[in-house]
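# Topology and contacts: notes
Residues per chain are reported as follows:
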Amino acid sequence: MFPDGLPLARPRIADPGRLARELERIVSSEVLTNGPTVERLEARAADYLGVRHCIAVASCTTGLMLVLRAAEVSGDVIVPSFTFAATAHAVAWSGLRPVFADVDPETLTLSPLSAERAIGVRTSAILATHIFGAPCDVEGLAGVARRNGISLFFDAAHGFGAKRAGTMVGGSGAAEVFSLTPTKTLIAGEGGIIATNDDLLAERCRIGRNYGNPGDYDCRFVGLNGRMSELHAAVALASFDDLEERIARRNELAARYREVLATVPGVEFPLVRDDDRSTYKDLSILVDDRAFGLTADGLAEALEAEGIETRRYYAPPVHRMRSYRAVAAGVDLPVTDAAAAESLSIPLWTDMTEDQVAQVGEAIRTIGEQLGRVGAVTASPDD
């Protein structure tokens, strides 16, 4: 169907020529870090998100590590397992213990009920994730944190431009941390942004990204090199140019996918609430092998044969990874396990056409009708 291949994602900069000139200006200035371009990015991001402070950092993972250290979190941190490994990695690298909780079966974001049940005497924080660009139950999680006297943070890697009940994601909890890697809505190549309304936390994160050194080489605490370069900041500023238009287009394409796949048995979508806005960093479907006739893995292989790139987010979930088996021993997360078995991300990017969406949808439909049904019919009762 796609002999030249259809990629999962494709980043876009509106005016590459202007960006090239800006990069040339920065290189000529000989100020490649700790400069005015990063400051401009931070100011623009804070204005867009409606928060008091934005701190540009080398990556979202770095930002998560910084806020946990700057907030002096200790002991255990509640995290989802249906997330990218970096959520738990940031906790573990900070010398803390990730405690895994289950997700909501409709939204696939961290369940406030499961999070509260996972809280113990050593728990000091919750680190939730906005999944696939759709926001968490922010209010529910805030209530859990408040009742238990613990901090709340958000891994907002997918969420720059997402809205929760009409309010821009970024100002909830103690801090939210965004990713600016090439598959995101706002891109810098590599980078992240910490957003917070906490003045003291913002100051400590700014110091922390420079080894904990406020400028006199007398480090106030153990920080790290988490700075964003001027070059990456310039790319991010260029990416701001048509950000709202790109998010709107991604939502249009996601709606078209829902129409095309609406009558395909065994294919569902995670819920995005009517008053929320997803960035659709990923367009993910849930494949019920009993109704569709193939597993998510089987569909991924069949789509690959058609030249369509997919990704199995998040399989395995973090608590099933070898690196976390010891800390997650005995953890039972049935919703997470089911979501990981069924989730498949399919192509979505701003310049994708509706015809391409229709072709992907038709490929999925055909695979279900032919390969899936044949497999279901010919399988033995013992399979």
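Scroll up to find the structure.
Residues numbered from 1 in each chain as written. Predicted model: local features only at pLDDT ≥ 70, side-chain atom pairs only at ≥ 80, totals over all residues. Heavy atoms only, no water.

### Considerations on the overall build of the chain
- Scanning the chain from terminus to terminus reveals 13 helices and 12 strands.
- Against the compact-globule benchmark of 21 Å for 383 residues, the chain has a radius of gyration of 21 Å, which places it among compact chains.
- Considering only C-alpha atoms, the chain reaches an extent of 75 × 55 × 35 Å along its principal axes.
- Per-residue burial over the chain gives 54% buried out of 383 residues.
- Contacts spanning at least 24 positions in sequence make up 71% of the contacts within the chain whose residues lie at least 6 apart.
- Accessible area for the chain stands at about 16,500 Å²; split by element, carbon and sulfur atoms hold 51% of it. (Helix = DSSP H or I, 4+ residues; strand = E, 2+ residues; numbered from the N terminus. Rg over C-alpha atoms; globule rule 2.2 N^0.38 Å. Buried < 20%, exposed > 50% of the residue type's maximum accessible area, 1.4 Å probe, protein only. Contact = heavy atoms within 4.5 Å. Areas by Shrake-Rupley, 256 points an atom, 1.4 Å probe, with all protein chains shown as cover.)

### Some details on unusual backbone geometry
- Put simply, Tyr313 and Tyr314 share a cis peptide bond, and its omega is -10°.
- In this fold, Tyr314 is placed in the loop between helix H11 (296–305) and helix H12 (334–342).
- Residue Ala315 is joined to Pro316 through a cis peptide bond whose omega torsion reads 5°.
- Although it is not a glycine, Ala165 adopts a positive phi angle of roughly 50°.
- Relative to the helices and strands, Ala165 resides in the loop between strand S6 (163–164) and strand S7 (167–168).
- The backbone of Tyr211 sits at a positive phi, close to 70°, despite the residue not being glycine.
- Relative to the helices and strands, Tyr211 resides in the loop between helix H7 (199–208) and helix H8 (230–239).

### Structural notes on the nonpolar core
- Ranked by internal contacts, the top residues of the largest apolar core, which has 33 residues, are Tyr257, Leu261, Leu283, Ile285, Phe292, Leu299 and Ile364.
- When contributions to this core are tallied by element, the ones reaching two or more residues are helix H9 (243–261), strand S11 (283–287), H11, strand S12 (343–346) and helix H13 (354–378).
- Not counting residues within four places of it along the chain, the set of residues in contact with Leu261 comprises Val267, Phe269, Ile285, Ile346, Gly361 and Ile364. (Core = buried A, V, L, I, M, F, W, Y, C linked by side-chain atoms within 4.5 Å.)

### Describing the packing of aromatic side chains
- In total, this model carries 9 aromatic pairs according to the counting rule given.
- Ring geometry for Phe132 against Tyr314: centres 5.9 Å apart, planes inclined by 5°, an arrangement best described as stacked. In this pair, Phe132 sits in the loop between strand S4 (123–129) and helix H6 (138–148) while Tyr314 sits in the loop between H11 and H12, placing the two residues 182 residues apart along the sequence.
- Residue classification places Tyr314 among the buried positions, given a relative accessible area of 6%.
- Put simply, the rings of Tyr48, Phe160, Phe178 and Phe240 touch in pairs and so form one group of aromatic residues.
- A cation sits over an aromatic face here: Arg204 above Phe221, 4.3 Å from the ring centre. (Phe/Tyr/Trp six-rings, centres within 6.5 Å; stacked < 30°, edge-to-face > 60°. Lys NZ or Arg CZ within 6 Å of the ring centre and 35° of its normal.)

### Things to note about the side chain of Ser94
- Relative to the helices and strands, Ser94 resides in the loop between helix H4 (85–93) and strand S3 (97–101).
- Relative accessible area serves as the criterion here: at 15%, Ser94 is assigned to the buried category.
- For Ser94, the residues in contact, after removing those within four places along its chain, are Met65, Leu68 and Arg69.

### Focus: H7
- Within H7, the full set of buried residues consists of Leu201, Ala202, Arg204, Cys205, Ile207 and Gly208.
- Considering only its buried residues, H7 is in contact with strand S1 (53–57), helix H3 (60–70), strand S8 (175–179) and strand S9 (192–196).
- At the N-terminal end of H7, a side-chain oxygen is found 3.0 Å from the backbone nitrogen of Leu200, two or three residues along, and the residue is Asp198. (Polar contact = N/O pair within 3.5 Å; in protein donor to acceptor, adjacent residues only side chain to side chain.)

### Observations regarding empty space enclosed by the protein
- Tallying each qualifying case throughout the model produces 4 cavities of 30 Å³ or more.
- By volume, the largest cavity is sized at about 130 Å³.
- Of the residues belonging to the lining of the largest cavity, the class tally is 6 nonpolar, 4 polar and 5 charged.
- A volume near 100 Å³ is recorded for the second largest cavity.
- Every residue lining the second largest cavity is counted, 14 residues in all, and those nearest its centre are Phe132, Pro270, Val272, Tyr280 and Asp282.
- Along the lines of polarity and charge, the residues of the lining of the second largest cavity split into 9 nonpolar, 3 polar and 2 charged. (1 Å grid on protein atoms, 1.4 Å probe; cavity = no way out; pocket = protein on both sides within 12 Å on 5 of 7 lines; lining within 4 Å. Points joined across faces, edges and corners; volume = space filled by probe spheres on them. Nonpolar A, V, L, I, M, F, W, Y, C, P; charged D, E, K, R; others polar.)

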